Amino acid sequence: MAGQFGRKVVAAGVGPVSDIDAKRAAFVAAERARRQSESEKALGEGLAVAGAVPRTVYRTEKSLTAAYVLWFFLGGASAHRFYLGFPTSGFIQLFLRIGGFAMFLSAGSAKIGGANLLLATAMMAAGGLWLLLDAFLIPGLCANANLRARSFGSGYHAYA
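The following paragraphs examine the structure supplied in this document. On a predicted model such as this, the values are computed, not experimentally measured, just so you know.

Quick notes on unusual backbone geometry
Turning to step 1, where the next piece is worked out: One non-glycine residue with positive phi stands out, namely Ser-78, at about 55°.
Turning to step 2, where the next piece is worked out: Counting through the fold element by element, Ser-78 comes out in the loop between helix H2 (64–74) and helix H3 (79–83).
Turning to step 3, where the next piece is worked out: The buried category is assigned to Ser-78, whose relative accessible area is 0%.

Digging into the packing of aromatic side chains
Turning to step 1, where the next piece is worked out: Following the criterion strictly, the structure yields three aromatic pairs and no others.
Turning to step 2, where the next piece is worked out: Relative to Trp-71, the ring of Tyr-68 lies with its centre 6.3 Å away and its plane at 90°, an arrangement referred to as edge-to-face. Residue Tyr-68 and its partner Trp-71 are both found in helix H2; the two are separated by three residues, about one turn of the helix.
Turning to step 3, where the next piece is worked out: With a relative accessible area of 19%, Trp-71 lands in the buried category.
Turning to step 4, where the next piece is worked out: Where Phe-82 meets Phe-91, the ring centres are 5.0 Å apart and the plane angle is 75°; that geometry is what we call edge-to-face.
Turning to step 5, where the next piece is worked out: Judged by its relative accessible area of 53%, Phe-91 is exposed.
Turning to step 6, where the next piece is worked out: Directly above the ring of Tyr-83 sits Lys-62, whose terminal nitrogen or CZ lies 4.9 Å from the centroid.

Calculation criteria
Residues numbered from 1 in each chain as written. Predicted model: local features only at pLDDT ≥ 70, side-chain atom pairs only at ≥ 80, totals over all residues. Heavy atoms only, no water. Helix = DSSP H or I, 4+ residues; strand = E, 2+ residues; numbered from the N terminus. Buried < 20%, exposed > 50% of the residue type's maximum accessible area, 1.4 Å probe, protein only. Phe/Tyr/Trp six-rings, centres within 6.5 Å; stacked < 30°, edge-to-face > 60°. Lys NZ or Arg CZ within 6 Å of the ring centre and 35° of its normal.

This is the structure we're talking about:
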């Protein structure tokens, strides 16, 4: 009965055919021993390895309280939307407020007319109203984020 090791066929019970095969067999044996000792060491230190129960579990579900705290303190940066997993609408909100404010500051120059001042005011007002509206939308956004977290698996990630 012949088994294949690498590219060369080695007969069962017969040693390596060449010096390279002997080195390869020694390397494979050393790697297996090293991996075995690492997994034993990890188990001794309480680290999670393949097949072991994880020691620390972090929830991926989002907290309604954390979302409201972010809305209150960092709402101008749309931090609550980024936290809840809605980065596209977060960037749009951020653009409305920052872009509107930048246009408002530049509207005082002689080259820019009153139309840009009106547009800047409209952009800042839209961003501000959207931010106020988010106070009522956050519970639904949080529920949606948690539903998405549960649909991708158990809703938990384990780290060692």
